[in-house]
Amino acid sequence: MALIEVKDLAKAFDGKTVLKGINLELSEGQSKVVMGTSGCGKSTLLRCLNLLLPPTSGRIIFKGEDITRPGVDIRKVRADIGFVFQHFALYRHLTVEENVTLGLRKLKKMKATEAVQKASHELERVGMIEHRGKYPAQLSGGQKQRAAIVRALAMDPAVLFLDEPTSALDPEMSREVVTVINKLFLENVTMLCVTHDPFLAKYISDSIIFLDEGVVVAEDIAERLFYNHADPRIKHFFMSVIDHR
Amino acid sequence: MDAFIQDLIAYWPQILAGLKNTVVLMVIMSVTGLMGGVGVFYLTLSSHKAVRRWMDGFISFFIGTPLIVHLFLMYYGLPELGIRLSAFTVAVIGFTLNVSAYNARYLATAYNGLDKTELEAARSQGFTRRETFRLIIMPQVMRMSVPSLTNQAIQNLKDTSVAFLIQYHDFFAQMQEVASTNFQFFKAYVTAGAVYLALISIIVLAARRLEKRIALPGLAT
Amino acid sequence: MTFGNILIILAEGAGYTVLVTLASISAGLAVGLSLAVLSTLRWKAVSLFLAVYTYVFRSIPVLVLLFILFFGLPGIGIRISPFVSMVATLGLVSGAYLAEVFRGAMAAVDGDEILAAEAAGLNRWEIFFYIIMPQMFRMSVPGMINEFTSVLKYTPFAYTVGIPEIMKEAMSLAALTLRGLEIYLAVGILYFLIYKLFVMFFMTLEKRFRVPGLASK
Ligand SMILES: Nc1ncnc2c1ncn2[C@@H]1O[C@H](COP(=O)(O)OP(=O)(O)OP(=O)(O)O)[C@@H](O)[C@H]1O
Ligand SMILES: [Mg+2]
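Residues numbered from 1 in each chain as written. Chains lettered and ligands numbered in written order. Predicted model: local features only at pLDDT ≥ 70, side-chain atom pairs only at ≥ 80, totals over all residues. Heavy atoms only, no water.

> Give a detailed account of empty space enclosed by the protein, specifying residues and quantitative values.
Applying the stated criterion across every chain, the model contains 4 cavities of 30 Å³ or more. Of the volumes computed, that of the largest cavity is approximately 100 Å³. What lines the largest cavity is a set of 13 residues, among which G82, F83 and A152 of chain A together with S124 and Q125 of chain B lie closest to the centre. Only α2 (74–79), β6 (81–84) and α5 (141–153) of chain A together with α6 (116–125) of chain B provide two or more residues apiece to the lining of the largest cavity. Looking at the lining of the largest cavity, its residues break down into 8 nonpolar, 3 polar and 2 charged. (1 Å grid on protein atoms, 1.4 Å probe; cavity = no way out; pocket = protein on both sides within 12 Å on 5 of 7 lines; lining within 4 Å. Points joined across faces, edges and corners; volume = space filled by probe spheres on them. Helix = DSSP H or I, 4+ residues; strand = E, 2+ residues; numbered from the N terminus. Nonpolar A, V, L, I, M, F, W, Y, C, P; charged D, E, K, R; others polar.)

Structural data, given as structure tokens:
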């Protein structure tokens, strides 16, 4: 059974349709990437899936439960979905370690020492342990994003959502972050990642979902999507993004 | 010895009592005004439009009307309804409303400067509105507002002198007393001014230390 | 006597309130602007004077300063009218605040523009009047509105020196009719109206002179 199953999802903002007829599945241990032109609804899709935005219609089955039904504990669902943002969104008044432990202590009700232990373990995994005492303002972009990834992972989420995790970074820092996400991919962390970067997409996905004007146009592996696709929209999109590199 | 100084010494116990009243009023209204300000600020973030409207109205009204009018309304107006409050009570209530409005506005200004994606991150982690307010918004907004909040505390100390107009026996009222016995108005009022200056210097120094202590990298106060 | 009547009687005092406010604002602007200009000189003695001035006039309560000027000065042989003492008090105090506002705004003027003006051969004063001042005023709008609001709110103190503005009228009326509640409520409403009008007036002024890119947050 799929971990997430989306059925006929639609989203409109004040009557303006942004997503329609979205169907997709994500199984445990699977990693998928969402690509598409700017404004096609990628971020909106991710935000609907963890109910940061209320979907207009359709169903989202998460761990076998329809979370679009009233009476669902939204907090619990969100705590079970890690979210990594384009601009890091680290809490500026907290150190790296405190950013990680806040959710553990307040949402998972861990004891302080236990939370710190867990945070250290996770920070170690991405090579951030020596920066644990620093504030976000004292970190490079790549370090910030790695810290943000740890903050999400430390909660032991069932799935990790990433919304353009590398687009605010210069190439070198971007590589730093790609390496980390690739490592997660190899460890079979369940992921759904939005990106414009074909390099990242290829190295962290089992398959790529192509979104155009709020509709899923295709889902396939990188090799078959990237080059000379039959659909002109897809062909055009990848020609432009790949040529630019 | 100068006659004025002799009078000051003669009136010393009274002046000291007045000074105490001034400081007490200032401390009380700074605390209640801060609590009120945080409360009003919290309500300005409410998901209910009506609540936000009322709070904006509250802030705008108390910033737009003179404090002394509120004091007079309560002190000279309420007895008409049979409600007789002491000058002290009137001062505390009036100042609290006034200071809350100002503090709420400072906090709201700081809030506008926050990085809203952090709030989205908190929501996506599963924090409730209230938790987000307490854990993410307040620690940042309070730090950023330290200069305005301490300026307000200075303002509070100065404004206590208004309370003498409703017969509160503050420091300025006592100096008034001294002046009216020896007719040395100039000396009495200048002395009063100097004392306020000294008291404010204490607040300024304390504020500087506080600012240094709670400053964080990347979170300028 | 209806509430409307009360409002009308008090509105007669509003003329004085507005007059005192406008005169005080003008005095404050004159003081603040002079201090801000002085501060550009960067002479040691001048900056010391400015620091002391700002510190003193931001620390002394308005009421105390008013009493020094009106009741105190005659003791050393200087006698000034109630109106002048009130306007001088608020002018001195708001001047100290406005100087800070102006200095902050001046510091925000792009240094390159000044360099460019120097390169174009403008002298110090021309640079100040044509480059710095127009930008400074626009960026100072929020600070000025704050300060003008404070001035308006201090004008009721004028009753203590006998100026027949709103508060004084209200007190006489209250003594006569013993209806303090409605009267002071009316005073509050009147002040709020004047405040709203002032803010609206300055906002329109600001809009009229707004230049894209020169924000006045
Ligand atoms: N809160 C909102 N209210 C109204 N319209 C919105 C809102 N959020 C997004 N939209 C609109 O929905 C469409 C999709 O936005 P979305 O952010 O999902 O695009 P995206 O695919 O993530 O784009 P990008 O690659 O630029 O991040 C856009 O046209 C956007 O203007
Ligand atoms: Mg997006």
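Moving on, there is more to tell.
> Describe unusual backbone geometry, listing the residues and the values that go with them.
Residue and element names in this part refer to chain A. Located in the positive-phi region is K109, a residue other than glycine, with phi close to 55 degrees. Within the fold, K109 resides in the loop between α3 (96–106) and α4 (112–125). Of note in the backbone geometry, E213 takes a positive phi value of approximately 45 degrees without being a glycine. Note on E213: relative accessible area 64%, which makes it exposed. (Buried < 20%, exposed > 50% of the residue type's maximum accessible area, 1.4 Å probe, protein only.)

> Could you give an account of the nonpolar core, naming the residues involved and the relevant values?
If you look at the biggest cluster of nonpolar residues, it comprises 229 residues, and the most contacted ones within it are F41 of chain B together with F157 of chain C. The element that contributes the greatest number of residues to this core is helix α9 (residues 180–208) of chain C, accounting for 13 residues. Sequence-distant contacts of F157 of chain C, defined by excluding residues within four places in its chain, comprise I68, V162 and L165 of chain B together with V62, L63, L66 and M86 of chain C. (Core = buried A, V, L, I, M, F, W, Y, C linked by side-chain atoms within 4.5 Å. Contact = heavy atoms within 4.5 Å.)

> Break down the packing of aromatic side chains for me, citing the residues and quoting the values.
Here the structure, examined in full by the defined rule, presents 39 aromatic pairs over all chains. An angle of 70 degrees between the planes, with centres 5.2 Å apart, marks the rings of F210 of chain A and F237 of chain A as edge-to-face. Taken together, the residues span a long stretch of sequence, with F210 of chain A in strand β9 (residues 207–212) and F237 of chain A in helix α9 (residues 232–243) at a distance of 27 residues. With respect to class, F210 of chain A is no different from F237 of chain A; both count as buried. Grouped by ring-pair contacts, the aromatic residues F164, F172, F183, F185 and Y189 of chain B together with F67, F70 and F71 of chain C constitute a single cluster. Sitting above the plane of the Y111 of chain B ring, K116 of chain B keeps its charged end 4.7 Å from the centroid. The lysine or arginine in question, R208 of chain C, covers the ring of F209 of chain C, its NZ or CZ lying 4.9 Å from the ring centre. (Phe/Tyr/Trp six-rings, centres within 6.5 Å; stacked < 30°, edge-to-face > 60°. Lys NZ or Arg CZ within 6 Å of the ring centre and 35° of its normal.)

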